[in-house]
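Notes for the structure review
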Amino acid sequence: MSIVVPVYNEQLNIEKFYEEATKAVAGLDMDYEIIFVDDGSKDTTPLILSRLTQQDAHVRALILARNFGHQLAITCGMDHAKGDAIITMDGDLQHPPAMIPDLVQKWREGYDVVQTVRKATDDAGFLKRLTSKWYYIILNAMSPVHITPGGSDFRLIDKRVLETFMRFREHDRFIRGMIGDIGYKQTTLSFIAPRRYAGKSKFSGRKMLHFALDGITAFSKTPLRISFYVGLLSGLLSVLMIIHVLYCHITGQAAPGWTTTMIVVCLMGGLQLIFMGIIGEYIGRIFEEVKQRPLYWLRAELGQKKD
Ligand code: UDP
Ligand code: MG
């Protein structure tokens, strides 16, 4: 089993995390490794990690060259994981290490993905809870993939799922959506996230907003589609408007020059929006292609291979 932990300026939490995680896996009778990914910390995090790797052969540390962000730090750790099951979790103890055996239990029951769902966060204010709730409602309405509300990056995946996941090499990634989309046998476990053990959240409002936008743009072409629909609607309206303008012209209610001006404005406006929508559709396609996602992946292969 591999436990992947992204850490960014977590000097006050790492040792506590290490103790708790080691305690949690002790009863499992499994070989394990704890992979810390230092995401360009500016504090003593790398020094603490270096010491832990010397003390305990179960600990590995990957030190990134700079801050790449939570999602890429997790990805880096996953790329290097060697276990049959891979658990990703935060290093601030908001993802309780004591739950590791529960995740492993589900995995042993045959699940390939054990996704945890945050029930309530003591830490999160009213605003964060409200925005999070609405965010998932909008996200799910806009994208074809179901993304579990309250889903966190605390999960266990089987090695096979990891191998598939590693074929997804897109840059702006929203891992919880990708894992949701990947299929296999999935189950969820809920947990109550405690307060951060020490230190402050590394996610500012701006980072949260970017992350939220990544979630929408990575899985949905709806924002691009909107321009097409608006274009069609305004094209239709401009046709109606042209009919009205011609009617005014024929019945002699129009001032000289008004008819032609109105027709040109409506026609050009409508046409431009429609063509922008069409361009949007093509950009949508380009966008799907540049993600270079694998076309399909198997959960199992039955029957004998014949040579
Ligand atoms: N983290 C990271 N890189 C970043 C920001 C955060 O590796 O750029 C790590 C951080 O050290 C922690 C986890 O990601 O282990 C979750 O971050 P945090 O607790 O700040 O987020 P929150 O729980 O407030 O959403
Ligand atoms: Mg946290």
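Just so we're clear, the structure is a prediction, and the values are computed from it rather than from any experiment.

What about the environment of Gln105?
- By the secondary structure assignment, Gln105 is in helix α4 (residues 100-108).
- Of the residues examined, Gln105 has 14 C-beta atoms within 10 Å and is grouped as partly exposed.

Some thoughts on the site of ligand 1
- In the vicinity of ligand 1 there are 16 residues, among which Pro6, Tyr8, Asp39, Ser201 and Lys202 approach most closely.
- Secondary-structure elements contributing two or more residues to the shell around ligand 1 are β1 (2-7) and α3 (70-80).
- The class makeup of the residues in the shell around ligand 1 is five nonpolar, six polar and five charged.

Things to note about the confidence of the model for the chain
- Taken over all residues, the pLDDT of the chain has a mean of 86, while the share at 70 or more is 95%.
- Per-element confidence in the chain is highest for strand β4 (residues 85-88), whose mean pLDDT is 97, and lowest for helix α8 (residues 205-219), whose mean pLDDT is 79.
- For this predicted complex, the interface confidence comes out at an ipTM of 0.96, alongside a pTM of 0.79.

Comments concerning the packing of helix α9 (residues 222-250) against helix α10 (residues 258-290)
- The geometry of α9 relative to α10 is characterised by a closest axis approach of 8 Å and an angle of 165° between their N-to-C directions. Classified by the interaxial angle, the pair formed by α9 and α10 is roughly antiparallel. Remark: the crossing between α9 and α10 carries left-handed chirality.
- Class assignment of the residues belonging to the contact of α9 with α10 gives a composition of 16 nonpolar, twelve polar and one charged.

Notes on the UniProt feature "transmembrane region" (unreviewed entry) in the chain
- Per the UniProt record, the feature "transmembrane region" (unreviewed entry) sits at residues 226-247 and 259-283.
- Taken end to end, residues 226-247 comprises 100% helix and 0% strand; its first and last C-alpha atoms sit 32 Å apart.

Some points on unusual backbone geometry
- Backbone geometry at Leu93 places phi at a positive 70°, although glycine is not the residue there.
- Note that Leu93 resides in the loop between β4 and α4.
- Of note in the backbone geometry, Tyr184 takes a positive phi value of approximately 65° without being a glycine.
- As for its placement among the helices and strands, Tyr184 is situated in the loop between α7 (175-182) and β7 (186-193).
- Judged by the 17 C-beta atoms lying within 10 Å of it, Tyr184 is partly exposed.

Some points on α7
- All of the buried residues along α7 are Ile175, Gly177, Met178, Ile179 and Ile182.
- Looking one or two residues beyond α7, the residue adopting positive phi is Gly183, at roughly 85°.

Quick look at the domain arrangement of the chain
- Along its sequence, the chain is organised into domain 1 (2-200 + 294-302) and domain 2 (222-290).
- Spacing between the C-alpha centres of domain 1 and domain 2 amounts to 48 Å.

Observations concerning the environment of Thr261
- For Thr261, the location among the structural elements is in helix α10.
- Residues Thr261 and Val245 lie 16 residues apart in sequence; the distance between their C-alpha atoms is 9.9 Å.

Parameters and conventions
Residues numbered from 1 in each chain as written. Chains lettered and ligands numbered in written order. Predicted model: local features only at pLDDT ≥ 70, side-chain atom pairs only at ≥ 80, totals over all residues. Helix = DSSP H or I, 4+ residues; strand = E, 2+ residues; numbered from the N terminus. Buried ≥ 20, exposed ≤ 12 C-beta atoms within 10 Å, placed from the backbone. Near = placed C-beta within 6 Å. Nonpolar A, V, L, I, M, F, W, Y, C, P; charged D, E, K, R; others polar. pLDDT = per-residue confidence, 0-100. Axes fitted to C-alpha atoms, helices over the stretch in contact; angles between N-to-C directions. Parallel < 35°, antiparallel > 145°, perpendicular 65-115°, else oblique. Left-handed = near helix turned anticlockwise from the far one by under 90°. UniProt positions renumbered as here; feature names shortened; annotations may be inferred. Domains from an automatic or database assignment.

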